[in-house]
Amino acid sequence: EPEVTQTPSHQVTQMGQEVILRCVPISNHLYFYWYRQILGQKVEFLVSFYNNEISEKSEIFDDQFSVERPDGSNFTLKIRSTKLEDSAMYFCASSPGLAGADTQYFGPGTRLTVL
Amino acid sequence: KNEVEQSPQNLTAQEGEFITINCSYSVGISALHWLQQHPGGGIVSLFMLSSGKKKHGRLIATINIQEKHSSLHITASHPRDSAVYICAVPLYGGSQGNLIFGKGTKLSVKP
């Protein structure tokens, strides 16, 4: 069965460094998402991406964050200058259709630790 | 914007018990999602439903659109059902917008 993959599974970085989290969505899906979950808290939406552009973003997704689909398969989340509070699990997801009307398939997550 | 409330926050059951987890939301939607988060952190989509009831194995999800309420039931619970169960709805209601997640219900099933 097709699945969403994410790399790396765990990333440790120093505050102020740039990180890139990578995702490979399911190949025939059209909508891509990034979510984050701070330890012990609920899952929060960051950004959605459709037709090679951002379709929605949350207040969390500020200028430090960017997303890209550099080729036909990868979907990346870049954090330009990491802060301690960026430490969280980051989940990528994809869906065939709109989030509100179609099942989302989640990747296993990348645990980001900012020291 | 939609708001989501789940109850209970924590639930401990004995193996074999019937489990009910509840989810309420504030803005009308066309579909609601139930997700399972494993102890290791991975998230799996269980159901997406827009009306009535759906069943998959020992899991049953129901939704009442008029009352803005959904329930997830687990029949004959088993220790492997231990996980966090999360409901999610479109942020702006309808079928548009992205998902807002509940805080989750942590279920622990004892043998």
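Look up a bit, the structure's there.
A. Seen up close, the nonpolar core. Ranked by internal contacts, the top residues of the largest apolar core, which has 26 residues, are L32(B), W34(B), F47(B), L72(B) and Y85(B). The set of elements that each furnish at least two residues to this core consists of β2 (10–14), β3 (19–25), β4 (32–37), β5 (43–49), β7 (59–64), β8 (69–74), β9 (83–90) and β11 (105–110) of chain B. For L32(B), the residues in contact, after removing those within four places along its chain, are C23(B), Y25(B), F47(B), M48(B), L49(B), I63(B), S70(B), C87(B), A88(B) and V89(B). Among the nonpolar cores identified, the runner-up in size contains 22 residues, and C23(A), I26(A), V67(A) and A88(A) belong to it.

B. Local environment of the interface of chain B and chain A. Chain B puts 22 residues into the contact, and the matching count from chain A is 19 residues. Here chain B packs against chain A, burying approximately 1,700 Å² in sum over the two surfaces, 58% of which is carbon and sulfur. On the chain B side of the contact with chain A, I43(B), N98(B) and F101(B) bury the most area, a combined 36% of that side's loss. Where chain B packs against chain A, one counts 0 salt bridges. Here chain B is connected to chain A by 3 residue pairs in polar contact (both at pLDDT 80 or more). For the side of chain B that touches chain A, the secondary-structure elements that each account for two or more residues are β4, β5, β9 and β10 (99–101) of chain B. In the side of chain B that touches chain A, the residues fall into 9 nonpolar, 11 polar and 2 charged.

C. Spotlight on the pattern of salt bridges. Counted under the stated rule, the structure contains 2 salt bridges over all chains. In this structure, E44(A) engages R36(A) in a salt bridge whose closest nitrogen and oxygen atoms are separated by 3.2 Å. For E44(A), a relative accessible area of 22% corresponds to the partly exposed category. For R36(A), a relative accessible area of 10% corresponds to the buried category. For R58(B), the salt bridge identified is with D81(B), shortest N-O distance 2.8 Å. Within this pair, whereas R58(B) is found in the loop between β6 (52–56) and β7, its partner D81(B) is found in the loop between β8 and β9, the two being separated by 23 residues in sequence. Its relative accessible area of 26% is what places R58(B) among the partly exposed residues.

D. Here's a closer look at unusual backbone geometry. Following T7(A), the chain continues to P8(A) via a peptide bond in cis, the omega torsion being -10°. The amide bond that connects S7(B) to the next residue, P8(B), takes the cis arrangement and shows omega of -10°. Non-glycine residue N51(A) carries a positive phi angle of around 55°. Of note, N51(A) is situated in the loop between β5 (44–50) and β6 (53–57).

E. Region of the structure containing the sheet that holds strand β1 (residues 5–7) of chain A. All names here are of chain A. Spatial ordering of the open sheet is given by β1-β3-β8-β7, a layout of 4 strands whose pairing is antiparallel. Bordering the open sheet on either side are β1 and β7 (65–68), each of which pairs with just one other strand. Within the sheet, the average angular offset between the axes of one strand and its neighbour, ignoring direction, is 20°.

Criteria and cut-off values
- Residues numbered from 1 in each chain as written.
- Chains lettered and ligands numbered in written order.
- Predicted model: local features only at pLDDT ≥ 70, side-chain atom pairs only at ≥ 80, totals over all residues.
- Heavy atoms only, no water.
- Core = buried A, V, L, I, M, F, W, Y, C linked by side-chain atoms within 4.5 Å.
- Buried < 20%, exposed > 50% of the residue type's maximum accessible area, 1.4 Å probe, protein only.
- Helix = DSSP H or I, 4+ residues; strand = E, 2+ residues; numbered from the N terminus.
- Contact = heavy atoms within 4.5 Å.
- Buried area = accessible area lost by both parts, 1.4 Å probe.
- Salt bridge = Lys/Arg side-chain N within 4 Å of Asp/Glu carboxyl O.
- Polar contact = N/O pair within 3.5 Å; in protein donor to acceptor, adjacent residues only side chain to side chain.
- Nonpolar A, V, L, I, M, F, W, Y, C, P; charged D, E, K, R; others polar.
- Pairing = 2+ DSSP bridges.
- Axes fitted to C-alpha atoms, helices over the stretch in contact; angles between N-to-C directions.

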